[in-house]
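# Report on the structure
This is what each chain is made of:
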Amino acid sequence: MTHSNHRRGSRESLLGDWVVFTSGRGGTVEGNRKTLEICLKYNPVNLRAGTVENGRSVTKRYMRGWEKRLDSGVWESSTLEEIAALQEPRGVGAVYDNRDAVQGVIKELGEGDFGRSVVVSGLFDEVMDMCNKAPVAYTHTINMSAETFGKLELLPEPKVLELTTMCGHHFVSPHLVKHLANEIKAGRWSAEDASVELGKACRCNFFNVARSARLLKEYIASN
Amino acid sequence: MFSGGTRSFGPQGPGWNYEYVETKATTPHMTFEDHKVGIRGSGGRGTSEMKTNDTTGRFKDDYVGLALEFGRPGCGFRFRDIEKASIALSKVGAMFEQENPYSVLIEPDTGRFKEKYEDVRNEKAMSAIIECLAPKEKLPELYAAAVKVAEEIDSVFTMDIISKMDGDNVILKPILDEAGIKVRINGKTNIGLGRPLIR
């Protein structure tokens, strides 16, 4: 699945939108734990880690600003401390809002050489530059987004797409985006809480809530 | 969502369990409790594609990986539309990824639905992905075939083009440039940390 391949926006906007995640089955428990420690160290906007509880695979999710008061229905947040305490983390995924953090993560993951595939989603030239400045890591293979085709009139407006494409599975509804924009406008929601509400549906936890708050404000200002 | 291959529904890796696709059962029934504990019944519709290419070697220097993500972003699609695309891609030499759940439904050499699945044509799903591979010189033909099909469908698809890297050079870039194929400035990069490494 290509859950972080088609994030839309200007270069300036995408400079605040980075996804780093492990993939595949390689590596060790210790390597996964260290990967999680490294991702935690660089102040992620979002963080997720898989683990096993009572014999079942579960995913723990953190998004900045997702406090317990915002839990609802099936959506339950975890704190960074709760995720850091996982004894046997599996797959790890993190979202960052600045290049320096990603540079640090790539550098330390390269130094650790933990054996598990790592994918970085973001501006290609910047990722290439970061890899060149890091040991071991290098650009092995890329997946490029070559636009959308067909009945484009079915798509929501570009500004809304910038928000919804941050969940590559499109679990974030454009209708909810518009509804929450109206709620923010009316003073009933903050842009930050609305971003958490949107991000809950993104099970991969790649919906960048920091960027979302900015995009929602821009969307409101443009309407 | 036309889903397949997640940890919830069977073994991972080679030998993915697509029995529920073959029996047209769609995704298994899930409870709120399942969701609450993090089971992702709506998970992957494809393979790990280039995300693990450093350990699988699925995409090689002389090949292009192409994927059409039908119904995305957020529109859904009818299976009759995705079949049009797989037929068109097949005619220009696409080799379909056999670990992808959509490939279960089609004849690998024609892209048409297997006879026993013909009744799914009018079914609707949120998304499904055609994943295919071809010698890199075929990229302009694959792209042209996909763009032509886009005029004949009632929904949308988003295209992925996968390339190996040679240092800082995108191996497919000369072909993309010559064919006038535009790609975004951002996407996914496998940074070569999987072990054992397949360069």
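Parameters at a glance
Positions within a chain are numbered from 1, following the residues in the order the chain's sequence is written. All chains are assigned letters beginning with A, and all ligands numbers beginning with 1, in the order in which they are written. For this predicted model, a pLDDT threshold of at least 70 governs which residues receive local features, and a threshold of 80 or more governs which side-chain atom pairs are given and counted, while totals over whole chains, interfaces and linings are taken from all residues. Two residues qualify as being in contact provided that their C-beta atoms, derived from the backbone, are within 7 Å of each other. Secondary structure elements follow DSSP: runs of H or I no shorter than four residues count as helices, runs of E no shorter than two count as strands, and numbering proceeds from the N terminus. Ten residues, namely Ala, Val, Leu, Ile, Met, Phe, Trp, Tyr, Cys and Pro, are considered nonpolar, four, namely Asp, Glu, Lys and Arg, are considered charged, and the remaining ones, Gly among them, are considered polar. Note on pairing: two strands pair once DSSP finds at least 2 bridges between them. Once C-beta atoms are placed from the backbone, each residue is buried if 20 or more other C-beta atoms lie within 10 Å of its own, exposed if 12 or fewer, and partly exposed for counts between those two.

This part takes up the interface of chain B and chain A. Each partner contributes to the interface: chain B provides 60 residues, whereas chain A provides 60 residues. Contributing elements (two or more residues each) for the side of chain B that touches chain A: α2 (32–36), α3 (53–56), β1 (63–70), α6 (139–150), β6 (156–166) and β8 (186–190) of chain B. A total of 10 residues in the side of chain B that touches chain A trace back to one element, the largest contributor, which is β6(B). The class makeup of the residues in the side of chain B that touches chain A is 23 nonpolar, 20 polar and 17 charged. Inspection of the sheet shows strand β6 (residues 141–150) of chain A paired to β6(B) by eight bridges, in the antiparallel sense. Note on β6(B): the bridge partner recorded for A:Ile142 is B:Ser163.

What follows deals with the pairing of β8(B). Judged by how many residues are buried, β8(B) sits mostly within the fold: five of five residues are covered. Of the pairings in the sheet, the one linking strand β5 (residues 117–123) of chain A to β8(B) comprises five bridges and is antiparallel in character. Note that in β8(B) the partner of A:Gly122 across the bridge is B:Gly187. When β6(A) meets β8(B), the two strands line up antiparallel, connected through four bridges. Residue pairing across strands places A:Ile142 opposite B:Thr189, the latter belonging to β8(B).

Glancing now at the pairing of β6(B). Residues and elements named next belong to chain B. Burial analysis of β6 places 10 of its 11 residues in the buried class, the great majority of the element. Examined bridge by bridge, β1 and β6 share six bridges and lie antiparallel to one another. Counterpart to Leu-66 in the pairing with β6 is Ile-161. Taken together, the two bridges between β6 and strand β7 (residues 169–170) define a ladder with antiparallel strand orientation. When the bridges of β7 are listed, Asp-166 appears paired with Asn-169. Between β6 and the antiparallel strand that follows it, β7, lie two residues; Gly-167 among them carries a positive phi value of about 65°.

Here we come to the environment of B:Met95. All names here are of chain B. Take Met-95: it is sitting in strand β3 (residues 95–96). Note on Met-95: 16 C-beta atoms within 10 Å, which makes it partly exposed. Put simply, Met-95 and Met-165 are 70 residues apart on the chain and 21 Å apart in space, counted from C-alpha to C-alpha. Not counting chain neighbours up to four residues away, the residues in contact with Met-95 comprise Cys-132, Leu-133 and Ala-134.

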